[in-house]
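# Descriptive analysis of the structure
Here are the chains, one letter per residue:
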Amino acid sequence: MLTQESITRKDFLRSMGLGGSALLAVLASCKNASDVILPVGGITVDLATKLLTTNSYIYSNGVIIARTASGNTASSFVAVAQACTHAGTSVVFQSSGKFHCPNHGAEFNTSGAVTQGPATKSLTKYTVAVSGTTLTIS
Ligand code: FES
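This section reports on the structure supplied with the text. Once a new chain begins, its residue numbering starts again from 1 and follows that chain's sequence as written. Thresholds applied to this predicted model are a pLDDT of at least 70 for local features of residues and 80 or more for the giving and counting of side-chain atom pairs; totals over whole chains, interfaces and linings are not thresholded and use all residues. Side-chain numbers here rest on the full set of heavy atoms in the structure, without hydrogens or water.

### Details of the side chain of H100
Looking at the secondary structure, you find H100 in strand β6 (residues 99-100). Looking at H100, the relative accessible area reads 19%, which means it is buried. Contacts are assigned to residue pairs that have any heavy atoms within 4.5 Å of one another. Residues within four places of H100 in sequence aside, it is in contact with V91, V92, Q94, G105, A106 and E107. Helix and strand assignments come from DSSP, with helices taken as H or I runs of at least 4 residues and strands as E runs of at least 2, each series counted from the N terminus. Between buried and exposed lies partly exposed: a residue is buried under 20% and exposed over 50% of the maximum accessible area for its type, with that area taken using a 1.4 Å probe on protein chains only.

The structure is reproduced here in structure tokens:
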């Protein structure tokens with residue numbers, strides 16, 4: 001019997017009766033998943049100490065958070081999934097206002113949409129809120 005601590009995705013799918021090619025198809029469909037599970041309450045960032053300058057960015061819990069403009073308002077920030085939808089490399093934020101993947105060159109706009117391949121799927125975009133100097137991603 002498998003316990004919660006020892007079960008893997010592969011073991012779980014096998015326990016569901018999936019095997020062989022069906023198992024491979026399910027695992028392949030999960031390969032490029034870039035969505036992340038945010039912590040309860042979202043991600044918080046102290047704007048008094050982080051993201052102080054335009055075009056700066058940080059990674060937190062699988063999300064890249066970038067400052068696109070001055071001022072501590074929600075419209076000055078953007079947050080998208082960190083993992084490139086092509087093969088999972090961490091994207092970076094460039095002064096051109098795009099997210100760039102250094103692995104194979106894919107680019108995404110601040111809505112997370114692909115602007116240059118080889119990626120074909122958008123980065124998930126998250127909601128940004130600012131209260132005082134606390135930024136919250138949900
Ligand atoms: S991993 Fe990002 S373009 Fe290939």
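### Some words on the nonpolar core
Residues enter a nonpolar core if they are buried and are Ala, Val, Leu, Ile, Met, Phe, Trp, Tyr or Cys, with the set joined through side-chain atoms within 4.5 Å. Membership of the largest hydrophobic core comes to 14 residues, with the highest contact counts inside it found for V45, L51, V63, I65, A79, L135 and I137. Elements that contribute at least two residues to this core include exactly β1 (43-46), β3 (63-67), β4 (77-81) and β11 (134-137). No other element matches the 3 residues that β4 contributes to this core. Other than its neighbours up to four places away in sequence, A79 contacts V63, I64, I65, T124, K125, Y126, V128 and I137. Within the second largest apolar cluster, 13 residues are counted, among which are V78, V80, C101 and F108.

### Some points on unusual backbone geometry
The phi angle of most residues is negative, glycine excepted, and most peptide bonds adopt the trans form. The peptide bond linking G117 to P118 adopts the cis configuration, its omega dihedral lying at 20 degrees. Looking at the element boundaries, P118 is found in the loop between β8 (114-116) and β9 (125-126). Of note in this structure, L51 is not a glycine but carries a positive phi near 55 degrees. Examined against the element boundaries, L51 turns out to sit in the loop between β1 and β2 (57-60). For N55, which is not a glycine, the phi torsion comes out positive at approximately 80 degrees. Tracing the sequence through the fold places N55 in the loop between β1 and β2.

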